[in-house]
Amino acid sequence: MKNVTIAAAIAVSALASPVLAQETGDFSGVKATAIAGYDNIDLDIAGVDNVDGFLYGGTLGYDIQSGNIVYGAELEATESTGKFSTAAGRIEAGRDLYAGARLGFVVGDASLLYAKAGYTNARVSIPGVGGENGDGFRVGGGIEYKLSDKLFARGEYRYSNYEDGVTRNQGLVSLGVNF
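Attention here is on the structure that accompanies the text. (Residues numbered from 1 in each chain as written. Predicted model: local features only at pLDDT ≥ 70, side-chain atom pairs only at ≥ 80, totals over all residues. Heavy atoms only, no water.)

What follows covers the overall build of the chain. Broken down by element type, the chain carries one helix and nine strands. Helices and strands appear in the chain in the N-to-C order α-β-β-β-β-β-β-β-β-β. Counting every position in the chain, which comprises 179 residues, the buried fraction comes to 43%. Taking contacts inside the chain between residues at least 6 apart in sequence as the whole, the part at least 24 apart equals 58%. For the chain, the exposed surface amounts to about 8800 Å²; the carbon and sulfur share of it is 62%. (Helix = DSSP H or I, 4+ residues; strand = E, 2+ residues; numbered from the N terminus. Buried < 20%, exposed > 50% of the residue type's maximum accessible area, 1.4 Å probe, protein only. Contact = heavy atoms within 4.5 Å. Areas by Shrake-Rupley, 256 points an atom, 1.4 Å probe, with all protein chains shown as cover.)

Moving on to the environment of N161. When you line up the elements, N161 lands in strand β8 (residues 151-162). Here the side chain of N161 touches Y159 through a polar contact of 3.0 Å, side chain to side chain. (Polar contact = N/O pair within 3.5 Å; in protein donor to acceptor, adjacent residues only side chain to side chain.)

So, on to the environment of G61. Mapped onto the elements, G61 comes out in strand β2 (residues 51-66). When the C-alpha positions of G61 and A73 are compared, they lie 5.5 Å apart, and in sequence the two are 12 residues distant. Here G61 is in contact with G29, V30, K31, A73 and E74, once residues within four sequence places are set aside.

This part is about the side chain of R138. Relative to the helices and strands, R138 is located in strand β7 (residues 130-146). Within polar-contact distance, the side chain of R138 engages the side chain of E76 at 3.2 Å. A distance of 3.4 Å separates the side chain of R138 from the side chain of T120, its partner in a polar contact.

Right, let's talk about the nonpolar core for a bit. Among the nonpolar cores identified, the biggest contains nine residues, and these are I41, L43, V51, F84, I91, A93, A122, Y162 and V166. Not counting residues up to four positions away in its chain, the partners in contact with A93 are I41, E79, S80, G82, R123 and R168. (Core = buried A, V, L, I, M, F, W, Y, C linked by side-chain atoms within 4.5 Å.)

Before going further, it helps to spend a moment on the pairing of strand β1 (residues 29-42). Where β1 and β2 come together, 13 bridges link them in antiparallel fashion. The partner of K31 across the bridge, within β2, is G61. (Pairing = 2+ DSSP bridges.)

Turning to the environment of F137, a few remarks are in order. As for its placement among the helices and strands, F137 is situated in strand β7. Between the C-alpha atoms of F137 and Y119, which are 18 residues apart in sequence, the distance is 4.6 Å. What F137 contacts, discounting residues up to four positions off in sequence, is G118, T120, Y159, S160 and N161.

Before going further, it helps to examine the side chain of S174. Following the sequence through the fold, S174 ends up in strand β9 (residues 167-178). Judged by its relative accessible area of 8%, S174 falls in the buried class. The residues touching S174, leaving out its near neighbours within four places in the chain, are T33, A34, I35, F152, A153 and R154.

A few words now on a negative patch on the surface. Where like charges cluster on the molecular surface, the negative patch consists of D44, E132, D135, E163 and D164. Within the secondary structure, D164 sits in the loop between β8 and β9. (Patch = residues over 30% accessible without salt bridge, like charges linked within 9 Å, V, L, I, M, F, W, Y side chains within 5 Å. Salt bridge = Lys/Arg side-chain N within 4 Å of Asp/Glu carboxyl O. Lys, Arg positive; Asp, Glu negative; His and termini not counted. Charge placed at Lys NZ, Arg CZ, Asp CG, Glu CD.)

This next bit is on a nonpolar patch on the surface. On the surface, V30, Y62, I64, I69, Y71, L103, F105, V107, L113 and F179 cluster together into a nonpolar patch covering about 930 Å² of accessible area. Those elements giving two or more residues to the nonpolar patch turn out to be β2, β3 (69-80) and β5 (89-107). Looking at the nonpolar patch, the element that brings in the most residues is β5, giving three residues. In this structure, V30 sits in strand β1. The class of V30 is partly exposed, set by a relative accessible area of 39%.

Let us now look at the packing of aromatic side chains. Counted under the stated rule, the structure contains one aromatic pair. Residues F54 and Y56 carry aromatic rings whose centres are separated by 6.0 Å and whose planes lie at 20 degrees to one another, so their mutual orientation is stacked. Taking the relative accessible area as the measure of exposure, F54 reaches 42% and is therefore partly exposed. Overall, Y56 belongs to the partly exposed group, its relative accessible area being 37%. The positively charged end of K31 is found above the aromatic ring belonging to F152, 5.0 Å away from the centroid. (Phe/Tyr/Trp six-rings, centres within 6.5 Å; stacked < 30°, edge-to-face > 60°. Lys NZ or Arg CZ within 6 Å of the ring centre and 35° of its normal.)

Take a look at the structure:
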């Protein structure tokens, strides 16, 4: 299921209608993006299956293009619906904060292939008891496709690794605007 979701996210971005594309200009500038996708969390607890959920949130970033190379920085806040129950109670995946950098290569007139890496901090909680934060790193990659001068779509896969062996795999699609 995870592989199908990730493949679908990338395919949706890659197959965005070329009819919608206009003169592209460049990929530079301030960007805001709405995110939605699949979230899979491995809590590294024996006998407990991975937690699946729906990921949603937003990103703010700034990119600079020099020739066919694009580099930039982004801040992101997301939430997940992932949760599971144990004898001790219900555990819920919570917010995930990210700060990192992107490096990409312009392909054709309207596409950007990119890689990303940075710091991430996720929260897992037990309702009524409290929660814990986990620091880690994130790496990922994706494709950004310009739908118009101001509007773009993305498909992205990313992997996060936190303290205590907790890992996260996410496949997402997003829609954004350039300012």
